[in-house]
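# Overview (structure and organization)
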Amino acid sequence: MFNFLSNNFLGSYFSTDMAVDLGTANTLIYVRGHGIVLNEPSVVAIRHEGGPGGKRMILQVGQAAKQMLGRTPGNITAIRPMKDGVIADFTVTEQMLKQFIRKAHPPRLFSANPRIVISVPCGSTQVERRAIREAAYGAGARKVELIEEPMAAALGADLPVETPTGCMVVDIGGGTTEVAVISLGGVVYSNSVRVGGDRFDEAIINYIRRNYGIMIGEVTAEIIKSEIGSAYPGSEVREIEVKGRNLAEGIPRSFTISSNEILEALAEPLNSIVSAVKTALEQTPPELGSDIAEMGMVMTGGGALLRDIDRLIMEETGLSVIIADDPLTCVVRGAGMALDSIDHPVGIFARDY
Amino acid sequence: MKDNEIDKKDMPGTDQNSVSDNNIGATQENSDQVASFRPERLETIPSFQTTQANLSIDSEKTGGAATPNFGQRLHDERIRRGMNIGEVAHRLRLSEQQIEAIEAQDFSKLPAAVFLRGYVRNYANLLQLDDTTLLVEAVPQSRPADSVFTSRNPSQRFKAMEPVYQSGRGGRSGWLLYVAVILVAFVAYGFYHEEIPEKMAPYMLNEGDQVIQSGSSSGNDQVAIDLTLPLSPTASVSSSVAPPASVGVNLPSAAAILPALPAPSAPVADTAKAPDNGKKSLHFVFSKDSWVKIKDSNGQIILEKINSRGTEQTIEGEPPLYLVIGNAAGVSLTYNGRKVDLAPYTRGNDDVARFSLE
């Protein structure tokens, strides 16, 4: 009984419950009653001291660390500890999360540790989920609940998930694309392919190296993608001038690339996404399929901001596709909504055991 | 100016188009009477009528002028661009009914607000409108039909998802159960403690009560005697001779609890009237060796010894007196000058009499 009090009753007065979207590209934190308080890239800059095997310390996290990405001297490495939606470097992820939580919820005297809802890709394994849970506990959480990303995205996009109608969500994140059909507050079908914004950047880098013989960095590739990237041939062709290192000459050169070329570069990762969506539609029970055919599907995540990606899926599937309001924050907002049900047995949280 | 433009650019294509064109004319003529034009337009689709009328009334109430009429805007733009509904429906991968419903702002035909906003955004993008965001903002956050399910309040949403009944989960009633169990435990404890004085109560009863009790108890005991009749013929004989005595023989436990039965108590009651500075005398004549223990009203043991055969013992004590007499068959007791028959109090097997005297 006392445990009950300290966990829920008193805890809610002295701690801040938060929802975390620990994404490959960006980490967002939503604090109950305050909204989204943090939106930073999931990048950590680490300084090594004393050669190999020496001390490692966190130099920067978030935006400041992202600016260092690809521009660091020998003793500093800027890394992205999340890869394909899951933890690639456990210790660094834990430290990063700790720093972010500290930013969002500055420790005070008598403040209890927060309860945290974290989103995980639906395709993540038990080990990966456990790692995320452990990282959150290590970062100072009192209680950790996991929520599958498509579920959170659907909640955040204000889809009527609790009704007996099928809703289809396509969440294109930094590392993964999650496709799910949700009805009655539960996931009917879900699939996760490890294609996302990072894969788009890689595809652009490879394309430019192959066709232009010029090496560009990840940051430049991301700029190209967001400026002129598109998923479907449009009427207007846009161009951008970028700079990279010429592989043959070894000298930085400037060149111009058009949106049609980027479209060509993105064809392969986009095909994976389209086929994932088609597979999902194949696997959906017919009643829910008819609901989806009538209402269409909803796209969330940063990938939904790629120009004409809704058009591509619309043309490929013949179904209506809409993009949620503010797709970048859907997952964390949905996880924040799920926070309200942390004490209720509604069964929207994922199990990792 | 818009009227003219529309009139000029109207393309008499499909019948849907012509229907809507007429409507445009009607709207422009009496633009303030939205309600009057809507039912006329929807004559072809009767099911629309009621909801449509309600909606238009609602929009008038809330001041339709303040929020831009996105359906009308999209409709006008579509006509201006010379597209028909079928074309738009094909481009947006929606049904023609849905496009019509969007233009008529008939929310009952459309899915939840998030979809509606998406449709309007897509439609506006298709028509290359410059005020897309404005139009999307005009879409209401919830439909009138959405009540429980698509509530904006998350806690209400999750309440809709909570199970109505869940086995093994007490919730509030579970706490009540705990409280009830604890209360029952306390009450039971209280009764346990009450019970001993209650058992003792018959000894302390006064005359009137005794008479009533003996009457009622003898009635009860009579039933018991009838049952035991075939088993013990001697008992039945004695019962016929002296009913109260048989009670003691057949039901020793009852006798132990309720020993103050009429036969001994009646004389006691008579003698009790004689004041004897509170004390009464007991006179024992032992024809066998017998162990006697006597407690007085204060619970003090006034006599506890083995009396040898042939002796006599006289003792005084303050009633009520509680007596235990071993070998009761060999003891004759006189209490305040009256002989007390020990047989009713004697347990059959060990010949020990336990009783109290007033």
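Residues numbered from 1 in each chain as written. Chains lettered and ligands numbered in written order. Predicted model: local features only at pLDDT ≥ 70, side-chain atom pairs only at ≥ 80, totals over all residues. Heavy atoms only, no water.

By the naming in an unreviewed UniProt entry, chain B goes by Cytoskeleton protein RodZ and is assigned to Nitrosomonas eutropha.

Identification of chain A as Cell shape-determining protein MreB from Nitrosomonas eutropha is taken from an unreviewed UniProt entry. As its UniProt record puts it under Subcellular location (unreviewed entry), chain A is described as follows: "Cytoplasm". (UniProt positions renumbered as here; feature names shortened; annotations may be inferred.)

## Quick notes on the overall build of chain A
Broken down by element type, chain A carries 12 helices and 18 strands. Out of the 353 residues belonging to chain A, those deemed buried represent 52%. Residue pairs at least 24 apart in sequence account for 61% of intrachain contacts in chain A once pairs closer than 6 positions are excluded. For chain A, the accessible area works out to roughly 14,900 Å², and carbon and sulfur atoms hold 51% of it. (Helix = DSSP H or I, 4+ residues; strand = E, 2+ residues; numbered from the N terminus. Buried < 20%, exposed > 50% of the residue type's maximum accessible area, 1.4 Å probe, protein only. Contact = heavy atoms within 4.5 Å. Areas by Shrake-Rupley, 256 points an atom, 1.4 Å probe, with all protein chains shown as cover.)

## Overview of the nonpolar core
By size, the foremost hydrophobic cluster in this structure holds 55 residues, and its most contacted members are A:Ile147, A:Leu159, B:Phe70, B:Leu74, B:Ile102, B:Phe115 and B:Val120. The set of elements that each furnish at least two residues to this core consists of α5 (149–156), β11 (167–172) and α12 (330–339) of chain A together with α5 (70–80), α6 (85–92), α7 (96–104), α8 (113–126) and α9 (132–138) of chain B. For this core, the leading source of residues is α8(B), giving 8 residues. Apart from the residues lying within four places of it in its own chain, the contact partners of B:Ile102 are B:Phe70, B:Gly71, B:Leu74, B:Leu94, B:Leu110, B:Leu116, B:Tyr119, B:Val120 and B:Tyr123. Core analysis: the next-biggest nonpolar cluster, separate from the first, contains 45 residues, A:Val179, A:Ile292, A:Leu306 and A:Val321 among them. (Core = buried A, V, L, I, M, F, W, Y, C linked by side-chain atoms within 4.5 Å.)

## So, the environment of A:Val181
In this fold, A:Val181 is placed in strand β12 (residues 177–183). Those residues in contact with A:Val181 that lie beyond four places of it in its chain are A:Cys167, A:Met168, A:Gly186, A:Val187, A:Val188, A:Tyr189, A:Thr284, A:Leu288 and A:Ile292.

## A word on the side chain of A:Asp171
Residue and element names in this part refer to chain A. When you line up the elements, Asp-171 lands in strand β11. We note that Asp-171 is buried and unpaired, the nearest opposite charge coming from Arg-333 at a distance of 10 Å. A distance of 2.9 Å separates a polar atom in the side chain of Asp-171 from a polar atom in the side chain of Thr-300. Sequence-distant contacts of Asp-171, defined by excluding residues within four places in its chain, comprise Glu-149, Ala-153, Thr-176, Thr-177, Glu-178, Thr-300, Gly-301 and Val-331. (Lys, Arg positive; Asp, Glu negative; His and termini not counted. Salt bridge = Lys/Arg side-chain N within 4 Å of Asp/Glu carboxyl O. Polar contact = N/O pair within 3.5 Å; in protein donor to acceptor, adjacent residues only side chain to side chain.)

## Some words on the environment of A:Gly62
Residue and element names in this part refer to chain A. Among the secondary structure elements, Gly-62 is positioned in the loop between β5 (55–61) and α2 (63–68). In the structure, Gly-62 is positioned 19 residues away from Val-43 in sequence and 5.4 Å away in space, judged by C-alpha atoms. Not counting chain neighbours up to four residues away, the residues in contact with Gly-62 comprise Glu-40, Pro-41, Val-43 and Phe-100.

## Quick word on unusual backbone geometry
Residue and element names in this part refer to chain B. The phi torsion at Gln-128 lies on the positive side, around 55 degrees, for a residue other than glycine. Structurally, the position occupied by Gln-128 is in the loop between α8 and α9. Although it is not a glycine, Asn-336 sits at a positive phi angle of roughly 50 degrees. Residue position: Asn-336 is located in the loop between β6 (331–335) and β7 (338–340). Judged by its relative accessible area of 18%, Asn-336 falls in the buried class.

## Details of the UniProt feature "transmembrane region" (unreviewed entry) in chain B
Under the present numbering, the feature "transmembrane region" (unreviewed entry) in UniProt falls on residues 175–192 of chain B. Strand forms 0% of residues 175–192 of chain B and helix 100%; the C-alpha atoms that close the span are 26 Å apart.

## Brief notes about the sheet that holds strand β13 (residues 186–193) of chain A
All names here are of chain A. Pairing is mixed in the open sheet, where 5 strands are placed in the order β13-β12-β11-β17-β18. The open sheet has two edge strands, β13 and β18 (321–323), and neither has a second partner. This sheet shows a mean twist of 20 degrees between the axes of neighbouring strands, independent of strand direction. In this sheet, β18 lies alongside strand β17 (residues 297–300) in parallel orientation, the contact comprising 3 bridges. In the sheet register, Met-297 faces β18, and the bridge partner there is Val-321. Those strands touched by helix α9 (residues 267–283) are β11, β12, β13 and β17, and its axis lies near 160 degrees from that of β11. (Pairing = 2+ DSSP bridges. Axes fitted to C-alpha atoms, helices over the stretch in contact; angles between N-to-C directions.)

## Brief notes about the confidence of the model for chain B
Residue and element names in this part refer to chain B. Here chain B averages 64 in pLDDT, while 47% of its residues score no lower than 70. Across chain B, α6 holds the top mean pLDDT of 89, while helix α3 (residues 34–41) sits lowest at 38. Here residues 1–66 scores under 50 on pLDDT; set against residues more than four positions off or in separate chains, the count is 59 contacts. Across the interfaces of the predicted complex, the ipTM metric reaches 0.83, alongside a pTM of 0.62. (pLDDT = per-residue confidence, 0-100.)

## Examining the packing of helix α3 (residues 90–104) of chain A against helix α4 (residues 126–138) of chain A
Residue and element names in this part refer to chain A. For the pair α3 and α4, the least separation of the axes is 8 Å and the interaxial angle reads 45 degrees. By the angle between their directions, the pair α3 and α4 is classed as oblique. Helix-helix and strand crossings are classified by hand; for α3 and α4 the assignment is right-handed. Across from Phe-90, Glu-94, Leu-97 and Lys-98 in α3, the residues of α4 making contact are Ala-131, Glu-134, Ala-135, Ala-136 and Gly-138. Here the residues of the contact of α3 with α4 sort into 5 nonpolar, 1 polar and 3 charged. (Parallel < 35°, antiparallel > 145°, perpendicular 65-115°, else oblique. Left-handed = near helix turned anticlockwise from the far one by under 90°. Nonpolar A, V, L, I, M, F, W, Y, C, P; charged D, E, K, R; others polar.)

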